[in-house]
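Listed here are the chains, written in short residue letters.
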Amino acid sequence: MKTELAYTKDCLMETTTRPDIAFVCGEGSYLLDQNNRRYLDWVQGWAVNCLGHSPGVVVQALCAQASKLINVGPAFYNEPAIELASLLTSNSCFDRVFFGSSGAEANEGAIKLARKWGRKYKSGAFEIITFTNSFHGRTLATMSASGKAGWDTIFAPQVSGFPKATLNDIESVRALINNQTVAIMLEPIQGEAGVIPANPEFLNALRQICDDHELLLIVDEVQTGCGRTGTLFAYEQHGIEPDIMTLGKGLGGGVPISALLSKQSCSCFEYGDQGGTFSGNPLATSAGVAVIRTLLSDGFLEGSRHVGAQLAAGLVAISKEFNLGEVRGKGALLALELGSNAGPEIVAAARERGLLLNAPRLHCLRFMPALNSSLAEVDEGLILLRQILKELQ
Ligand SMILES: *Cc1c(COP(=O)(O)O)cnc(C)c1O
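Quick notes on the rules
- Residues numbered from 1 in each chain as written.
- Predicted model: local features only at pLDDT ≥ 70, side-chain atom pairs only at ≥ 80, totals over all residues.
- Heavy atoms only, no water.
- Helix = DSSP H or I, 4+ residues; strand = E, 2+ residues; numbered from the N terminus.
- Rg over C-alpha atoms; globule rule 2.2 N^0.38 Å.
- Buried < 20%, exposed > 50% of the residue type's maximum accessible area, 1.4 Å probe, protein only.
- Contact = heavy atoms within 4.5 Å.
- Axes fitted to C-alpha atoms, helices over the stretch in contact; angles between N-to-C directions.
- Parallel < 35°, antiparallel > 145°, perpendicular 65-115°, else oblique.
- Left-handed = near helix turned anticlockwise from the far one by under 90°.
- Salt bridge = Lys/Arg side-chain N within 4 Å of Asp/Glu carboxyl O.
- 1 Å grid on protein atoms, 1.4 Å probe; cavity = no way out; pocket = protein on both sides within 12 Å on 5 of 7 lines; lining within 4 Å.
- Points joined across faces, edges and corners; volume = space filled by probe spheres on them.
- Nonpolar A, V, L, I, M, F, W, Y, C, P; charged D, E, K, R; others polar.
- Polar contact = N/O pair within 3.5 Å; in protein donor to acceptor, adjacent residues only side chain to side chain.
- Domains from an automatic or database assignment.
- Buried area = accessible area lost by both parts, 1.4 Å probe.
- Core = buried A, V, L, I, M, F, W, Y, C linked by side-chain atoms within 4.5 Å.

Undergrad: Where do I start with the overall build of the protein chain in this structure?
TA: Along the backbone of the protein chain there are 11 helices and 17 strands. Its C-alpha atoms give the protein chain a radius of gyration of 21 Å, near enough to 21 Å, the size a compact globule of 393 residues would have. For the protein chain, the spread of C-alpha atoms along the principal axes amounts to about 65 × 50 × 45 Å. Counting every position in the protein chain, which comprises 393 residues, the buried fraction comes to 52%. Restricting the contact set of the protein chain to residue pairs at least 6 apart, pairs at least 24 apart contribute 71%.

Undergrad: Explain the packing of helix H2 (residues 56-68) against helix H8 (residues 282-296) to me, please; I cannot follow it from the model alone.
TA: Two quantities define a packed helix pair, namely the angle between the axes and the distance from one axis to the other. It is at 9 Å that the axes of H2 and H8 come closest, and there the two elements cross at 150°. The orientation of H2 relative to H8 falls into the category roughly antiparallel. The hand of the H2/H8 crossing is right-handed. Two secondary-structure elements touch here, H2 through Val57, Val58, Ala61, Leu62, Gln65 and Ala66 and H8 through Pro282, Leu283, Ser286, Ala287, Ala290, Val291 and Thr294.

Undergrad: What's the story with the pattern of salt bridges in this structure? I'm lost.
TA: Where charged atoms from two side chains of opposite charge approach closely, those side chains can pair. Summed over all chains, the structure comprises 14 salt bridges. Glutamate 326 is the partner of arginine 328 in a salt bridge, and the nearest nitrogen-oxygen pair spans 3.0 Å. For glutamate 326, a relative accessible area of 48% puts it in the partly exposed group. What you see here is one network of salt bridges that share partners, running through Lys116, Lys120, Glu270 and Asp273.

Undergrad: Explain empty space enclosed by the protein here, please?
TA: Rolled over the atoms, a probe sized like a water molecule indicates the empty space that remains. For the structure shown, the criterion picks out one cavity of 30 Å³ or more. Roughly 40 Å³ of internal volume is contained in the largest cavity. For the largest cavity, the full set of lining residues is Leu140, Met143, Ser144, Trp151, Phe155, Ala156 and Gln158. Grouping the constituent residues of the lining of the largest cavity by class yields five nonpolar, two polar and no charged.

Undergrad: What exactly am I supposed to notice about the side chain of arginine 366 here?
TA: By secondary structure assignment, the location of arginine 366 is in strand E17 (residues 364-367). A polar contact of 3.4 Å, which involves the side chain of arginine 366, links it to the backbone oxygen of glycine 191. Polar contacts involving the side chain of arginine 366 include one to the side chain of glutamine 223, which spans 2.8 Å. Dropping the residues within four chain positions of it, arginine 366 is found in contact with Trp42, Trp46, Gly191, Glu192, Val195, Gln223, Leu333, Leu334, Ala335, Asn358 and Pro360.

Undergrad: Hey, could you run me through the layout of surface pockets in this one?
TA: In this structure, the second largest pocket spans a volume of roughly 1100 Å³. In terms of lining, the second largest pocket is formed by 33 residues, of which the most central are Pro74, Tyr77, Val97, Phe98 and Ser279. Sorting the residues of the lining of the second largest pocket by element identifies helix H3 (79-90), strand E4 (96-100) and strand E12 (258-262) as the ones contributing at least two each. Among the elements that make up the lining of the second largest pocket, the one with the highest residue count is E4 (four residues). Classifying every residue of the lining of the second largest pocket by side-chain character gives 17 nonpolar, 12 polar and four charged.

Undergrad: Which parts of the structure should I look at to understand the domain arrangement of the protein chain?
TA: Interfaces are frequently sized by the accessible area removed from exposure as the parts join. Each assigned domain of the protein chain is listed with its residue range as follows: domain 1 (9-55 + 299-392) and domain 2 (56-296). Counting residues at the interface gives 27 residues for domain 1 and 31 residues for domain 2. Summing the contributions of domain 1 and of domain 2, the shared interface buries around 2400 Å²; its carbon and sulfur component is 60%. Where domain 1 packs against domain 2, one counts one salt bridge. Where arginine 366 meets glutamate 192, a salt bridge forms, and the shortest distance between an N and an O atom there is 2.9 Å. Linking domain 1 with domain 2 are 13 residue pairs in polar contact (both at pLDDT 80 or more), by the criterion used here. At the level of elements, helix H1 (44-47), helix H9 (300-321), strand E13 (327-330), strand E14 (333-337), strand E16 (358-361) and E17 are the ones that each hand at least two residues to the side of domain 1 that touches domain 2. Sort the elements by how many residues they give to the side of domain 1 that touches domain 2 and H9 lands first, with four residues.

Undergrad: Which parts of the structure should I look at to understand the environment of glycine 381?
TA: Note on placement: glycine 381 falls in helix H11 (residues 375-392). A relative accessible area of 0% means that glycine 381 is categorised as buried. It is 7.0 Å that separates the C-alpha atoms of glycine 381 and leucine 40, two residues lying 341 residues apart in sequence. If sequence neighbours within four positions are ignored, glycine 381 has contacts with Leu40, Trp42 and Leu355.

Undergrad: Could you clarify how one ought to interpret the nonpolar core in this entry?
TA: Within soluble globular proteins, side chains that are nonpolar tend to cluster in buried spots. With 53 residues, the main nonpolar core has Leu88, Ile184 and Leu186 as its most contacted residues. It is H8 that provides the largest number of residues to this core, a total of seven residues. In this structure, this core is formed jointly by two domains, domain 1 (9-55 + 299-392) and domain 2 (56-296), each of which donates at least three residues. Once residues lying within four places of it in the same chain are set aside, the contact partners of leucine 88 are Val97, Phe99, Phe233, Leu247, Leu251, Ala259, Leu261 and Ile292.

Given below as structure tokens:
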């Protein structure tokens, strides 16, 4: 018999459709619901739990830090924040870090930093070229920066200054540049759009355009960063150096923390320009330290690339068998094109069978397993997916 949820759910705002289950326990790749049903989780909090559910290193870091110091406020230094900032800068092309609690907050910071830089060094230029179908968050400015259909009107008026170009179309970018342009901002792989990668040539051309016109290149690595695409950051795979990068999702291994990283040359905030009550709090940054140390440990990222490759190979085989479409993405951020709008139906059927999947668009599935999944877990998920597709045929 099914256990009813202990409290009424009606007190939560209905901002998304949720299945009638509540998860109570998680371990690695698996989740347990209130009826003790087990699920293999390939959503992982939307690419957040890069080390799986409740990973030992994060639990230990949180427990140790919580009993020592949880919060001192952003106007004082604390050790975990300094350690995390130094881990991030010494393993990237960036020099300075500001911590936030969500991806949107980091992107707001990136937008503000670019506008500040434009005010200081480019006669007040403020326009940031972003892309159709992009996703940068749910604050007013980041919704305005996003290129999701319909988002320009729901909370009108928008924050202005985000002209939209087309991903992988360099002429569409060139056409938008004028003397008000200060930056170009993009996701190296558009996650919410259905895992659409920016071409290497396109990213290199953007870097060149930014150099030629003295613009800042901002990469939103909230989804692609922290090992998700097989390297610590996705930009590394393209031989370019952005000026600004944002991180979120995987950075805390499930704990809310985000980061805005900048080169010294554009780290131009002055006192009072940027802040946040929870910025760089020791509890969240201690989780970040545990995560980044783990990602950098011997063989970890290599292992995550094996997970991604095994999953991609399995998806290609499934696509062939069921006459589906393209498999795309990098590392452990993959999508399977369905060739029909069966996404939500497959997601629901998979959940019934104990596999959690995500359909960012009706016509594709997205896969975001823990980076440290075992090869057996990947096989288990692929077998389940094959069974589900067979049943739905
Ligand atoms: C998830 C996501 C965001 C927003 O992050 P939140 O933590 O939900 O604010 C921004 N950009 C990208 C690329 C994302 O995937």
